[in-house]
Each structure stands twice: as structure tokens, then as C-alpha cells.
Amino acid sequence: MKKDFISIADFSVDEIDEIFQISLRLKKELKEEKEHQILKNKTLAMIFEKPSLRTRVTFETGMVQLGGHAIYLSPADIQLGKRESIPDVSQNLSRWVDCIMARTFEHSTVTELAKNASIPVINALSDLEHPCQILADFLTIIEHKGKLDGLTFAYVGDSNNVCNSIILFSALHGINLRIASPEGYEPDTSVLDKAHKIQTKNFELNVVNEPEPAVNGVDVIYTDVWASMGKENEKKERLKIFADFQINAELISKAKKDVIILHCLPAHRGEEITDEVIDGPHSVVLDEAENRLHTEKALLVKLLKAA
Ligand code: CP
Ligand code: NVA
């Protein structure tokens, strides 16, 4: 049976732990210049409806480092659902390649690709979730904090796709999560309902409309852009609505002394985060970006070796 990775909740705690272990091994072996052919003759088709730096480069580089190959399909190439229906694209790709990775606007596009494919499908960001990002984020937290148990985590800003995946991961892994978003920009009830259905012990969630109470005494602070891809036309209005939710030196001074700051990137410096913080001693954003490579290689090994 093929396995897809559409939501961060598609993997159990044990499976995520296995992906983290494979990631750490591959990371170490890359530094030792060990060569791999684990995915020899395997091909990944990468469908992008939106732009990307990290996701495209890490998946493509990851496939090459594992002895495989990746094909970049831009919106202009296949015009998903316009030139050809989603099921037709999915069924054709299933005859040629070994895995499909897709970055889409509608979440239903990636689920429809998965439903019609006989090969694994990976969600590389949809309007609803960004599960690949969350693998790298929590591996980075483990590397810096040595554990996930007992950590307090504050997400400050727009309750977007990245935030949704953080909520679901936290529900499954029992993390104490605080979310600070302006009124009207809190997480969707559908995501909160799903989190409460899958939640394990120790999961605590508090949603507030001010950043300070959320970051008070926390171990981890996370932020993301205020206007995600597809919402650029709301940017001017959002700059005003989110103005008090900036991660700056004053705000992070309320957190623990050894707080770490994460951002999935790209960052809009001077908006959701200041230069001083993103370039400062608490920031781990480049470790986080690097870990996209290692966690995605581990994900590909898990999906393609089991397939
Ligand atoms: N964080 C992330 O997914 O980056 P890209 O949009 O550049 O792929
Ligand atoms: N929330 C952002 C994440 C980018 C990686 C977006 O969807 O644009």
C-alpha cells in the first residue's frame, strides 16, 4: 500500500520519530561525505503552483544526494486542472515516476492528486498545511533543546498553513502551545476540532489576541509572514492589523533567557520580525532551513523504500 504525506497528522508519533532518526543519520553521513544510492533510478515529480526556494532546492538536492532524480514542473508546464484534469495528471505521472510532490493553492488539489495516484504524494504546502516544514522545525527544536517534552511553544502572527501544521503536530506530541493572532485571524475551528480529536496527553492550547501573554516564559517562539502566498492583495490591510504582533527584541525579552526563534522563511524583515531578532543569537532559522534537506531526504526514504 502506498503512503501519502498530506497532513503532519498522517504519521504517528513513532513514525515521526523514525523520520527524525533517519534525518539525523543522513545529516551526519552527508557531513562525512558518505555517498548513497538508496533512491537509485527513482524519480520525483515536483509540481509547483506557487514560488519556492527552500522546498524546491531541498527536494531536488535531496533526491540527487540519494542517487535519484527530480523533475521541476512549473505552473506554466502542466497548468494543473486547466490544460489537463488533476486525475489525468496524477494517473499519467504514476506510470512514469515514483513519487509526486505538490505545492498548491487549494488543499483539495493535493488530496485529489493523492486519491488518483498509485504512487506516494507529498504535500509541499497547500493553503491548509505545510507538513514538510514542520518536520524540519521540530527536528531543529530537538537539536537545540534536546527534547520536546515539557517545552512551551508560542506561535505569533497569522494562523495560516504553517500554524495549522504546528497545531496538529503539537496535539499528537503533547506540546504546550500558545497562539497569538489578531481577532479574526485565529485558527480555523476545523483545525482545532481535528487537533482535539487526535490530541494526546500534555497537549495544551491557548489562543489569545495579544502577543505578550503568549510569549511569557516560553522556550520557543515561531512566526511567519502576515500575508501568505495567494493573500498578497490583503497585504496593505494586514500590515496594519498585525502591526502589534512583530517579533522584536522587546517581545522576546519576555520569553525564557534561552528562547529560540524559528521562522519557516521567506521572512519579510521589518514586518513580522526585525533584523535584530532574525540575525540575533536566539535565531535558529538557518539551522531550520538546513534541516529541510535532511528531513525531506528521510521522508523520501521512508515513503519510497516502503512503497
Ligand atoms: N519555507 C518554505 O517552504 O520555503 P519556500 O517557500 O522557499 O519553499
Ligand atoms: N505561510 C507561508 C509559508 C511560506 C513557506 C505561505 O503560505 O506563503
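An account of the accompanying structure is given in this report. (Residues numbered from 1 in each chain as written. Chains lettered and ligands numbered in written order. Predicted model: local features only at pLDDT ≥ 70, side-chain atom pairs only at ≥ 80, totals over all residues. Heavy atoms only, no water.)

## Brief notes about the pairing of strand 3 (residues 99-103)
Reasoning step 1: Burial analysis of strand 3 places five of its five residues in the buried class, the great majority of the element.
Reasoning step 2: Side chains Cys-99, Met-101 and Arg-103 project from strand 3 onto one buried face, and the interleaved Ile-100 and Ala-102 project onto a second face that is buried too.
Reasoning step 3: Here strand 1 (residues 43-48) runs beside strand 3; their pairing, made up of five bridges, is parallel. By the bridge assignment for strand 3, Ala-45 is matched with Ile-100.
Reasoning step 4: In this structure, strand 3 lies alongside strand 4 (residues 121-123), joined through three bridges in parallel fashion. Following the sheet pairing, Ala-102 is matched in strand 4 by Asn-123.
Reasoning step 5: Following the chain from strand 3 across helix 5 (residues 107-116) to the adjacent parallel strand 4, one finds a crossover that is right-handed. (Buried < 20%, exposed > 50% of the residue type's maximum accessible area, 1.4 Å probe, protein only. Helix = DSSP H or I, 4+ residues; strand = E, 2+ residues; numbered from the N terminus. Pairing = 2+ DSSP bridges. Right-handed = clockwise from strand over helix to strand, strands pointing away.)

## Some thoughts on the site of ligand 1
Reasoning step 1: For ligand 1, the full set of nearby residues is Ser-52, Leu-53, Arg-54, Thr-55, Arg-103, His-130, Gln-133, Cys-264, Leu-265 and Arg-292.
Reasoning step 2: His-130 places a polar side-chain atom, nitrogen or oxygen, 2.9 Å from an oxygen atom of ligand 1.
Reasoning step 3: Gln-133 places a polar side-chain atom, nitrogen or oxygen, 2.9 Å from a nitrogen atom of ligand 1.
Reasoning step 4: Its free accessible area being 260 Å², ligand 1 has 96% of it covered by the protein chains.
Reasoning step 5: A class-by-class count of the residues in the shell around ligand 1 yields three nonpolar, four polar and three charged. (Near = heavy atom within 4 Å. Polar contact = N/O pair within 3.5 Å; in protein donor to acceptor, adjacent residues only side chain to side chain. Areas by Shrake-Rupley, 256 points an atom, 1.4 Å probe, with all protein chains shown as cover. Nonpolar A, V, L, I, M, F, W, Y, C, P; charged D, E, K, R; others polar.)

## Re the pairing of strand 2 (residues 69-73)
Reasoning step 1: Here strand 1 pairs with strand 2 via five bridges, running parallel. When the bridges of strand 2 are listed, Ala-45 appears paired with Ile-71.
Reasoning step 2: On the question of chirality, the crossover connecting strand 1 to the parallel strand 2 by way of helix 2 (residues 54-65) is right-handed.

## Remarks on the sheet that holds strand 9 (residues 260-263)
Reasoning step 1: On the basis of which strands lie adjacent, the open sheet formed by five strands has the order 7-6-5-8-9 and parallel pairing. Of all strands in the sheet, those with a lone pairing partner are strand 7 (204-208) and strand 9, marking the two edges. On average, each strand axis in the sheet is inclined to that of its neighbour by 20 degrees, with strand direction left out of account.
Reasoning step 2: Sheet contacts for helix 6 (residues 131-145): strand 5 (152-156), strand 8 (220-223) and strand 9; angle to strand 9, the most-contacted strand, approximately 165 degrees.
Reasoning step 3: Sheet strands in contact with helix 7 (residues 161-173) are strand 5, strand 6 (176-180) and strand 8, and its direction is about 155 degrees off that of strand 6. (Axes fitted to C-alpha atoms, helices over the stretch in contact; angles between N-to-C directions. Contact = heavy atoms within 4.5 Å.)

## Topic: the packing of helix 4 (residues 86-96) against helix 5
Reasoning step 1: For the pair helix 4 and helix 5, interaxial distance at closest approach is 8 Å and the crossing angle is 45 degrees. Taken as axis vectors, helix 4 and helix 5 run oblique relative to one another. Considering the relative orientation of helix 4 and helix 5, their crossing is right-handed. For the pair formed by helix 4 and helix 5, the contact residues are Ile-86, Pro-87, Ser-90, Gln-91 and Ser-94 on the first element and Thr-109, Glu-112, Leu-113 and Asn-116 on the second.
Reasoning step 2: Taken together, the residues of the contact of helix 4 with helix 5 break down into three nonpolar, five polar and one charged. (Parallel < 35°, antiparallel > 145°, perpendicular 65-115°, else oblique. Left-handed = near helix turned anticlockwise from the far one by under 90°.)

## Here we look at helix 7
Reasoning step 1: When the terminal C-alpha atoms of helix 7 are compared, their 18 Å separation across 13 residues agrees well with the 18 Å that a helix rising 1.5 Å per residue should span.
Reasoning step 2: Summarising burial for helix 7: 13 of the 13 residues are buried, a large majority.
Reasoning step 3: Trailing helix 7 by a residue or two, Gly-174 shows a phi angle of about 65 degrees, which is positive. (Expected span 1.5 Å × (residues − 1).)

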